[in-house]
Amino acid sequence: MSQKVSLDPFTRVEGHLAIHLDVENFQITGAYCSGEMYRGIEYILKGRSPLDAQQITQRICGVCPTSQGIASILAQEEAYGIEPTQNGLLIRNIMLAGNYIQNHLTHFYHLSALDFIDVQGIQEYTGSDYFLNDLKDWIRSEINSKSVFPAAPFMPRYEGRYMQEFEGNITVLRNYFQALEMRALAHQLVAVFAGKMPHMATIIPSGVTEKVTTKKIAHCRSKLFKLRSFIEKSYLEDALLVANAFPEYFSMGKGCGNYMTYGVFLNLEQNNAPLFPRGVMLNNSLETLDTEYIAEEVKYSKYTPDSGRHKTDPSPHKEGAYSWIKAPRYKGKPMEVGPLARIMLAYDDPQCSEIRRATDSMLQRTGRSLDELDSCLGRHLARIIELQVIVRHCEQWIDQLDPLGETAKDFHIPNRAQGAGLTEAPRGALGHWLQIEGGKIDGYECIVPTTWNCSPKDNRDIPGPVEQALQGTTVADNTNPLEASRIVRAFDPCLACAVH
Ligand code: NFE
């Protein structure tokens, strides 16, 4: 008989997510991905100056504000008919790179690693290591305390098989703390030209209000140097430790198999072609992206039946609806977006040989095939593959900055115009669409990565990508659905974005 299992609230993700499962004979037969809050940021924008958009849309989220702000700027540049300055374009790449680094380190160490490393078990270990002794003392005192959640965020946790090697657990835990400092450093890298973080103060259509100076270039170089070293040594090796300790997760969490990317990190040397290309992989064949094929369906979403891509009319008590997330579809199909999609779209592109080499190297070190990346652990590895490529290019972008060049230029806001801003946030394809009437915002629409990945079923009852990844998974213990938690977290969901 089918049993209901809920992961609610789903912790260690951004925002309010609940996952409800039907489990029969220890196998997931149905999955329901539910966004549990409504916000309405697009409504707030209506009637305002278009120049407010890059600031207000950054408030959609504290994790990917860089991408939200830049998507808004791209939409405005198209509407105003202007191009960014060369410095402005490079600075955008550097700010995005800093945000990707911050995001991927946070995701691996602070959101996901606790699904794999054994914090509780280290109490059994003996040794004269100061770090280990301090950690054991702290956990012991927490457990003996009257705290409601002793040893949070390490405990409570779902019980199951965690990493068994002593060295592996200690290394990843040590780097968990080191990664907190790296996160701060990555934020500081963005803030060199953004003024502050997490919300950038300086971005405007055409570039930024900051000037390029040799001092700022030196700041960027020194921060990136430390970050690159941590990524190439600790992050890469720690992810390989987890990959080797949990090989079964290369055959768990297979997604919908369709991928979509909008392209990101424009390359000055290559005629502004994106480092990660734009495209669609639908039913195993590559297609050119046409955003006219994007629709948002609402049969199971808490919006009126006439809501959709251009209309968002809340209906909190709608019969049968189980999520505040809409169901975006491309040509009627669910699409996975994010690091795995970026790797899949780049792999066979002749312009992306560097990404292919980085991917092949990872496949060789893990003894896996490209197809096996479509899995829980494959999604983790995709983040490291792309970060290795991004940090190498970021060094070049910093070197190309010109202290004598302008960082912004004049522009005029037209009375009536429209524009689309398409980019890639750390979690995937991000689009902003802007309409201007009478010099003010008349319509604003955002379709963001987690809306694609965590969508509920669509009008044809086809589940979303995360729901499909859960389907068929074997759960060892219904009261400890650790497998489901690992699979969902590998997508790095952000509900603040998904229901903006
Ligand atoms: Ni709130 Fe975001 C990213 C965007 S996810 S984190 O990355 O856009 O939907």
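Cut-off values and rules
Residues numbered from 1 in each chain as written. Predicted model: local features only at pLDDT ≥ 70, side-chain atom pairs only at ≥ 80, totals over all residues. Heavy atoms only, no water. Helix = DSSP H or I, 4+ residues; strand = E, 2+ residues; numbered from the N terminus. Expected span 1.5 Å × (residues − 1). Buried < 20%, exposed > 50% of the residue type's maximum accessible area, 1.4 Å probe, protein only. Donors = N, O, S within 2.8 Å, 3.2 Å for Na, K, Ca; no water. Pairing = 2+ DSSP bridges. Near = heavy atom within 4 Å. Polar contact = N/O pair within 3.5 Å; in protein donor to acceptor, adjacent residues only side chain to side chain. 1 Å grid on protein atoms, 1.4 Å probe; cavity = no way out; pocket = protein on both sides within 12 Å on 5 of 7 lines; lining within 4 Å. Sits in = over half its atoms within 2 Å of the grid points. Nonpolar A, V, L, I, M, F, W, Y, C, P; charged D, E, K, R; others polar. Phe/Tyr/Trp six-rings, centres within 6.5 Å; stacked < 30°, edge-to-face > 60°. Salt bridge = Lys/Arg side-chain N within 4 Å of Asp/Glu carboxyl O. Tetrahedral: all angles 85-135°; square planar, octahedral: opposite > 155°, others 65-115°. Axes fitted to C-alpha atoms, helices over the stretch in contact; angles between N-to-C directions. Contact = heavy atoms within 4.5 Å. Points joined across faces, edges and corners; volume = space filled by probe spheres on them. Core = buried A, V, L, I, M, F, W, Y, C linked by side-chain atoms within 4.5 Å.

Peer 1: Provide a residue-level description of helix α3 (residues 65-80), including the pertinent values.
Peer 2: Taking 1.5 Å of rise per residue, 16 residues should cover 22 Å, and α3 covers 22 Å from first to last C-alpha, within 8% of that figure. For α3, the tally of buried residues reaches 14 of 16 residues, placing the bulk of the element in the interior. Two residues or fewer after α3 comes Gly81, characterised by a positive phi angle close to 70 degrees.

Peer 1: Can you explain the coordination of the iron atom of the ligand? Please cite residues and give values.
Peer 2: Only one protein atom coordinates the iron atom of the ligand: Cys64 (SG), located 2.4 Å from the metal. Between the iron atom of the ligand and the nickel atom of the ligand, a separation of 3.3 Å is found. By the element assignment, Cys64 lies in the loop between α2 (53-56) and α3.

Peer 1: For the pairing of strand β13 (residues 440-447), give the residues involved together with the corresponding values.
Peer 2: For β13, the tally of buried residues reaches six of eight residues, placing the bulk of the element in the interior. Bridge count for strand β12 (residues 428-437) against β13 is seven bridges, and the pairing is antiparallel. Each residue of the ladder has a partner; that of Glu437, found in β13, is Lys440. Count of turn residues in the β12/β13 antiparallel hairpin: two residues, of which Gly438 carries a positive phi of about 60 degrees.

Peer 1: Give a detailed account of the site of the ligand, specifying residues and quantitative values.
Peer 2: Residues in close proximity to the ligand include Cys61, Cys64, Gln68, Ala425, Pro426, Arg427, Leu430, Val448, Pro449, Thr450, Cys494 and Cys497, which together make up its full environment. With respect to the ligand, the side chain of Gln68 contributes an N or O atom lying 3.0 Å from an oxygen atom. Here the ligand is seated within the second largest cavity. In terms of residue class, the shell around the ligand is made up of nine nonpolar, two polar and one charged.

Peer 1: Describe the packing of aromatic side chains, and please don't skip the residues or the numbers.
Peer 2: This structure, assessed with the given rule, holds 22 aromatic pairs. When the centroid spacing of 5.0 Å and the interplanar angle of 90 degrees are considered together, the rings of Phe108 and Tyr109 count as edge-to-face. For the pair shown, Phe108 and Tyr109 are each scored as buried. When the ring of Tyr293 is compared with that of Tyr330, the centres are 5.8 Å apart and the planes differ by 65 degrees; the resulting orientation is edge-to-face. Of this pair, Tyr293 sits in the loop between β8 (285-287) and β9 (294-297) while Tyr330 is found in strand β10 (residues 327-330), placing the two residues 37 residues apart along the sequence.

Peer 1: A description of the pattern of salt bridges should follow, citing residues and the corresponding values.
Peer 2: Overall, the coordinates contain 33 salt bridges when judged by the stated rule. In this structure, Glu77 and Arg92 form a salt bridge, with 2.5 Å as the shortest nitrogen-oxygen distance. Of this pair, Glu77 sits in helix α3 while Arg92 sits in helix α4 (residues 86-112); the two residues are 15 residues apart in sequence, bridging distant segments of the chain. The residues Glu77 and Arg92 share a single accessibility class, namely buried. Of the charged contacts in the structure, one is a salt bridge between Arg342 and Glu386, with a shortest N-O distance of 2.7 Å. With Arg342 in helix α8 (residues 339-347) and Glu386 in helix α10 (residues 376-400), the pair connects residues that are 44 residues apart, well separated along the chain. Comparing Arg342 with Glu386 shows no difference in burial state: the two are buried. If you follow the salt bridges from partner to partner, you end up with Lys254, Glu336, Asp374 and Arg379 in one network.

Peer 1: I'd like to hear about the coordination of the nickel atom of the ligand, residue by residue, with values.
Peer 2: Under ideal tetrahedral coordination, the four donors around a metal are separated by 109.5 degrees; under ideal octahedral coordination, the six donors are separated by 90 or 180 degrees. Looking at the nickel atom of the ligand, one finds its protein donor set to be Cys61 (SG), Cys494 (SG) and Cys497 (SG), positioned 2.2 to 2.4 Å from the metal centre. Because the angles between the four donor atoms bound to the nickel atom of the ligand fall within 103 to 112 degrees, the donor set is best described as tetrahedral. We note that the donor set of the nickel atom of the ligand lies within a single chain, spaced as C-x432-C-x2-C.

Peer 1: Provide a residue-level description of the sheet that holds strand β3 (residues 27-35), including the pertinent values.
Peer 2: Read from one edge of the open sheet, three strands run β1-β2-β3, paired in antiparallel fashion. The sheet is open, and its two borders are formed by β1 (3-7) and β3, each paired with just one other strand. Direction aside, the axes of adjacent strands within the sheet are offset by 20 degrees on average. The pairing of strand β2 (residues 17-24) with β3 spans eight bridges and is antiparallel. Each residue of the ladder has a partner; that of Leu21, found in β3, is Ala31. Where helix α13 (residues 482-489) meets the sheet, it contacts β1, β2 and β3, and its direction lies at approximately 135 degrees from that of β2.

Peer 1: Tell me what's going on with empty space enclosed by the protein, and back it up with residues and numbers.
Peer 2: Across all of its chains, the model carries two cavities of 30 Å³ or more by this definition. In this structure, the largest cavity encloses a volume near 70 Å³. Taken together, Glu336, Val337, Gly338, Pro339, Leu340, Arg379, Arg383, Arg427, Asn453, Ala490 and Phe491 make up the lining of the largest cavity. Lining the second largest cavity we find Cys64, Ala425, Arg427, Pro449, Thr450, Cys494 and Cys497. Split into classes, the residues belonging to the lining of the second largest cavity amount to five nonpolar, one polar and one charged.

Peer 1: For the nonpolar core, give the residues involved together with the corresponding values.
Peer 2: Ile19, Leu21, Met95, Ile101, Phe265 and Leu470 are the most contacted members of the largest nonpolar core, which has 125 residues in total. Formed by 26 residues, the second largest nonpolar core is a distinct cluster that contains Ile60, Ile82, Leu430 and Leu434.

Peer 1: Go over the environment of Lys226, please, and point to the residues and values.
Peer 2: Its place among the elements puts Lys226 in helix α7 (residues 214-245). For the pair Lys226 and Leu185, spaced 41 residues apart in sequence, the C-alpha separation works out to 8.5 Å. In this view, Lys226 contacts Met182 and Leu185; residues no more than four positions away in its chain are not counted.

Peer 1: How would you sum up the sheet that holds β12? Please name residues and give values.
Peer 2: Reading across the sheet, the three strands line up as β11-β12-β13 and stay open at both edges, with antiparallel pairing between neighbours. Looking along the sheet, the strands with just one partner apiece sit at the ends: β11 (417-425) and β13. Neighbour-to-neighbour, the strand axes of the sheet open up by a mean angle of 15 degrees, direction not taken into account. In this fold α3 packs onto β11, β12 and β13, with an angle of close to 150 degrees to the strand it touches most, β11.

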